[in-house]
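# Observations on the three-dimensional arrangement
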Amino acid sequence: MDAAGPRIDLNADLGEGLGDDAAMLTIVTSANVACGFHAGNPADLLTTCRAAVAAGVRIGAQVSYPDRSGFGRRFMEMTTPDLVADLVYQIGALDALARSVGGAVTYVKPHGALYNTVVHHIQQADAVVTAVRDVNPGLAVMGLAGSQVLARAERAGLPIITEAFADRAYTPEGTLVPRGEQGAVLSDSAAIAGRVVEMTTSGRVTAIDGTVIGVDAESICLHGDTPGALGHARAVREALAEAGVLIRAS
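A brief structural summary.

Conventions adopted
Residues numbered from 1 in each chain as written. Predicted model: local features only at pLDDT ≥ 70, side-chain atom pairs only at ≥ 80, totals over all residues. Heavy atoms only, no water. Buried < 20%, exposed > 50% of the residue type's maximum accessible area, 1.4 Å probe, protein only. Helix = DSSP H or I, 4+ residues; strand = E, 2+ residues; numbered from the N terminus. Arc of directions from axis to C-beta. Contact = heavy atoms within 4.5 Å. Phe/Tyr/Trp six-rings, centres within 6.5 Å; stacked < 30°, edge-to-face > 60°. Expected span 1.5 Å × (residues − 1).

We now examine helix H6 (residues 148-155). Restricting attention to buried positions, one finds in H6 the residues Val149, Leu150, Arg152 and Ala153. The buried side chains of H6 occupy one side of the element, clustering within an arc of 165° when seen end-on. Along H6, exposed side chains directed more than 90 degrees from the buried face belong to Glu154 and Arg155. Summarising the contacts, the buried residues of H6 are in contact with helix H5 (122-135), strand S5 (140-144) and strand S6 (160-165). With its phi angle positive at about 85°, Gly157 sits one or two positions after the end of H6.

Okay, here's the thing in structure tokens:
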């Protein structure tokens, strides 16, 4: 929140071949573009980057484990050199695509299992930070507030972007409820929008067990591949506008 009042960035996972990317680009202010390791192909990613540039939406590299068959949602044990190399490859490739259409990658966000792993897994968190720093120390790292990856990114002098999720349930510890558990993904647009307004204006969210916990977020993730995703996103944007929240990239 700044002196003029609360403000928030809205981001969505795009370039995955799922959902309505064109419509989402009219709602969000940041696009987490897949890099081909969990989804996407070069032609589609180029199209997504071009559309994001045209919409004035900033571009982030959504890096993943090399796991297309599992959509990047399965944990993988990887050595630091292998993980760093895979991440550098993904960031560099997407940045080249973005630059070819007048844009550039400005931040990096891990996807799926890698995102959840680097909340607490020190070795893989360090690998993410090393890869980002080696490509461009001006790139920001987007992740869950309080995570190891953000703590290590800050320590390495990288910009960070704290993130919360519009349609995901939280544990009392402030982490995401695993997707396989009941109630992990929310489906009611009005409830989702109300949660986002609460997170943005008060810095709080109700966890899955009913406790109220603090949440620190400069950006809110609007998943583009869940049922009703576009309706959820529109409801969130409208509710934020009604609450007087400024929506723009942080």
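Once you've had a look at it, read on.
On to the packing of aromatic side chains. Taken as a whole and judged by the stated rule, the model has three aromatic pairs. Considering the side-chain rings of Phe37 and Tyr89, the 5.9 Å spacing of their centres and the 45° angle between planes classify their relative orientation as tilted. Highlighted residues: Phe37 in the loop between strand S2 (30-34) and helix H2 (42-55) and Tyr89 in helix H3 (residues 80-100), separated in sequence by 52 residues. Phe37 gets classed as buried once you look at its relative accessible area, which sits at 16%.

Turning our eyes to something else, we now look at H2. The terminal C-alpha atoms of H2 lie 20 Å apart, and with 14 residues this matches the ideal 20 Å at 1.5 Å per residue to within 8%. Considered for burial, the residues of H2 that qualify are Leu45, Thr48, Cys49 and Ala52. Buried positions in H2, seen along its axis, are confined to an arc of 100° and lie on one side of it. Opposite the buried face of H2, at more than 90 degrees from it, the exposed residues are Ala43 and Ala54. Tucked into the core, H2 has its buried residues touching strand S1 (7-14), helix H1 (21-24), S2, strand S3 (58-63) and H3. Of the residues flanking the end of H2, it is Gly56, one or two places downstream, whose phi is positive at about 75°.

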